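Listed below, chain by chain, are the residues.
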Amino acid sequence: MPLESCMILLDTSEYMRNGDYLPTRLDAQSDAANMIVNQKTASNPESTVGVIRMSSSGPASGAELLVSPTDDLGKILSALHRVPLSGKMANGTKDAVDVAASVQVATLALKHRRNKNGAQRIVLFVGSPLIHADARSLVKAGKQLKKNNVFIDVIALGELEGNEPKLRELVDAANGSSTDDNAERNCHLVTIPAGVLPSDVLISSPILRGDGGGVSMGDGTGGGVGGGDAFAEYGGVDPSMDPELAMALRVSMEEERARQERVAAAAAAAAAANESKENEGGDATSGVDRMEVGAVDGGRGNNMEELADDDALLQQALAMSMAENEAVTSSKNAGRNEDTAMNTGDDDEDAAMQMALQMSMQGEEGDNAAAPGQFQDPAFVSNLLGSLPGVNPDDPAIQEALRKAKEDADKKDKDKE
């Protein structure tokens, strides 16, 4: 909260003995004032707080300054705890407390504050009936506060039916005339119903939270409804009342918040991972299906290719086998032809040798007449030479030899004649 100088006005009239607030109005007021002091001093170390008691019985009737604005917490708490009941009951012409006069005294005390830079605020507790206080004096006091830039928070304890309208006039005058409902209201009115601890109501009120608007507990006729918790970060515990418990609750809440954030982050990451896996799974499944289909088609194609290769190899093997058989057959036939030719040549040679032997035997036996005639016959000699292997009867040399032999034979015949 910003730097602020605050004056707390306590109602110490005889009406504060009533037990409609536990244990009494005075004790409930002291408890609420103690909480406000702790909150003000803890929010800013330079903030100052003063205490004024109303309904004094001294010469300065109406208000008594117990502590001027100071940051000494011990002095402030000491003044709060030693406030006795004083003053008188309301008589026929005067109320037990004079709200307008007490507000003016608090304004003068704030003018003499040590630090002039901070804001000025008055916290007013009212537990006595305002029978003789007229609305005009309260409105005048509120306007004077507005003129001096002093804010006021009013806490009504008891006597709500008669006090609330008049106190609202004071608060509205201090806030100023504004037609905008959403305008910030720095002055507040909090009405606390009987049987409720004022500290329980104030802990969530704009007086401690610093929000605009008023708060009314009970009949709902206040200037606004306050919400939230002034010490939400401490688990609803005022750190000025119990610092150790408030700090423990704050650490626990921070750890729980961090744990929840980790759990939320882990859940989000898991959801994103599952979604990505599902997407990848769908793509992988379709890809696998396509791969399987392609594999089947490829397998079929490979099988067809293998079958075609096998058929080609089989045909090639058959062709080679047939070629080998043909080669073997042709080689056998060639061998047979060669054998036949060789046998034929041998037979011819044998026949020629036999014929030559016969001719020689005939020549030896003296059959001279027949032999010369045969050799002199060209046709016989040609057939004889053609039957011999490797002899060509048409060879020019052989023909020339035959011709000469015939000429010699003719010449011999001529000579014999």
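Presented here is an overview of the structure given in this document. What you see is a predicted model, and the numbers here were worked out from it, not measured in a lab.

Rules and cut-offs
Residues numbered from 1 in each chain as written. Predicted model: local features only at pLDDT ≥ 70, side-chain atom pairs only at ≥ 80, totals over all residues. Heavy atoms only, no water. Helix = DSSP H or I, 4+ residues; strand = E, 2+ residues; numbered from the N terminus. Salt bridge = Lys/Arg side-chain N within 4 Å of Asp/Glu carboxyl O. Buried < 20%, exposed > 50% of the residue type's maximum accessible area, 1.4 Å probe, protein only. Polar contact = N/O pair within 3.5 Å; in protein donor to acceptor, adjacent residues only side chain to side chain. Contact = heavy atoms within 4.5 Å. Patch = residues over 30% accessible without salt bridge, like charges linked within 9 Å, V, L, I, M, F, W, Y side chains within 5 Å. Areas by Shrake-Rupley, 256 points an atom, 1.4 Å probe, with all protein chains shown as cover. Lys, Arg positive; Asp, Glu negative; His and termini not counted. Charge placed at Lys NZ, Arg CZ, Asp CG, Glu CD. Pairing = 2+ DSSP bridges. Axes fitted to C-alpha atoms, helices over the stretch in contact; angles between N-to-C directions. Parallel < 35°, antiparallel > 145°, perpendicular 65-115°, else oblique. Nonpolar A, V, L, I, M, F, W, Y, C, P; charged D, E, K, R; others polar.

Quick notes on the environment of Leu-189
(1) Moving on: Tracing the sequence through the fold places Leu-189 in strand 6 (residues 188-192).
(2) Moving on: For the pair formed by Leu-189 and Val-154, sequence separation is 35 residues and the distance between their alpha carbons is 4.8 Å.

Here we look at the pattern of salt bridges
(1) Moving on: In total, this model carries twelve salt bridges according to the counting rule given.
(2) Moving on: A salt bridge links Asp-20 to Arg-25, with the nearest nitrogen and oxygen atoms 2.8 Å apart.
(3) Moving on: With a relative accessible area of 27%, Asp-20 lands in the partly exposed category.
(4) Moving on: Note that Arg-25 and Glu-159 form a salt bridge whose closest N and O atoms lie 3.5 Å from each other. Residue Arg-25 is located in helix 1 (residues 25-43), and its partner Glu-159 is located in the loop between strand 5 (150-157) and helix 5 (160-175); the two are separated by 134 residues in the primary sequence.
(5) Moving on: Residue Arg-25 is classed as buried on the basis of its relative accessible area of 3%.
(6) Moving on: Each member of the salt-bridge network shares a partner with another, and the members are Glu-4, Lys-40, Arg-121 and Asp-153.

Observations regarding the side chain of Gln-120
(1) Moving on: By the secondary structure assignment, Gln-120 is in strand 4 (residues 119-126).
(2) Moving on: The exposure class assigned to Gln-120 is buried, which follows from its relative accessible area of 10%.
(3) Moving on: Here the side chain of Gln-120 touches Arg-113 through a polar contact of 3.1 Å, side chain to side chain.
(4) Moving on: Discounting chain neighbours no more than four positions away, the residues touching Gln-120 are Ser-5, Leu-110, Lys-111, Arg-113, Asn-148, Asn-149, Val-150 and Phe-151.

Some points on unusual backbone geometry
(1) Moving on: Look at the link from Leu-22 to Pro-23: it is a cis peptide, with omega at -10 degrees.
(2) Moving on: As for its placement among the helices and strands, Pro-23 is situated in the loop between strand 1 (4-11) and helix 1.
(3) Moving on: Residue Asn-149 is not a glycine yet carries a positive backbone phi of 60 degrees.
(4) Moving on: Structurally, the position occupied by Asn-149 is in the loop between helix 4 (135-147) and strand 5.
(5) Moving on: Note on Asn-149: relative accessible area 55%, which makes it exposed.
(6) Moving on: Even without glycine at this site, Glu-159 takes up a positive phi of about 50 degrees.
(7) Moving on: Classification of Glu-159 as partly exposed rests on a relative accessible area of 33%.

Observations regarding a negative patch on the surface
(1) Moving on: On the surface, a cluster of negative charge is contributed by Asp-408, Asp-410, Asp-413 and Asp-415.
(2) Moving on: The topology assignment puts Asp-413 in helix 11 (residues 396-416).
(3) Moving on: Residue Asp-413 is classed as partly exposed on the basis of its relative accessible area, which comes to 34%.

What about the pairing of strand 1?
(1) Moving on: Most of strand 1 sits out of view: eight of its eight residues are buried.
(2) Moving on: Neither face of strand 1 is left uncovered, since the one carrying Glu-4, Cys-6, Ile-8 and Leu-10 and the one carrying Ser-5, Met-7, Leu-9 and Asp-11 both have all their residues buried.
(3) Moving on: Here strand 1 runs beside strand 4; their pairing, made up of six bridges, is parallel. Each bridged residue has a counterpart across the sheet, and for Met-7 the counterpart in strand 4 is Ile-122.
(4) Moving on: Relative to strand 2 (residues 48-54), strand 1 runs parallel, the two sharing seven bridges. Residue pairing in the sheet places Leu-10 in a bridge with Arg-53 of strand 2.

Points about the packing of helix 1 against helix 2 (residues 73-81)
The description of two packed helices rests on the angle between their axes and on the distance between the axes.
(1) Moving on: Relative to each other, helix 1 and helix 2 sit at 170 degrees, their axes nearing to 10 Å. Classified by the interaxial angle, the pair formed by helix 1 and helix 2 is roughly antiparallel. Only Leu-73, Ile-76, Leu-77 and Leu-80 of helix 2 make contact with helix 1, whose side of the interface consists of Ser-30, Ala-33, Asn-34, Val-37, Asn-38 and Thr-41.
(2) Moving on: Class assignment of the residues belonging to the contact of helix 1 with helix 2 gives a composition of six nonpolar, four polar and no charged.

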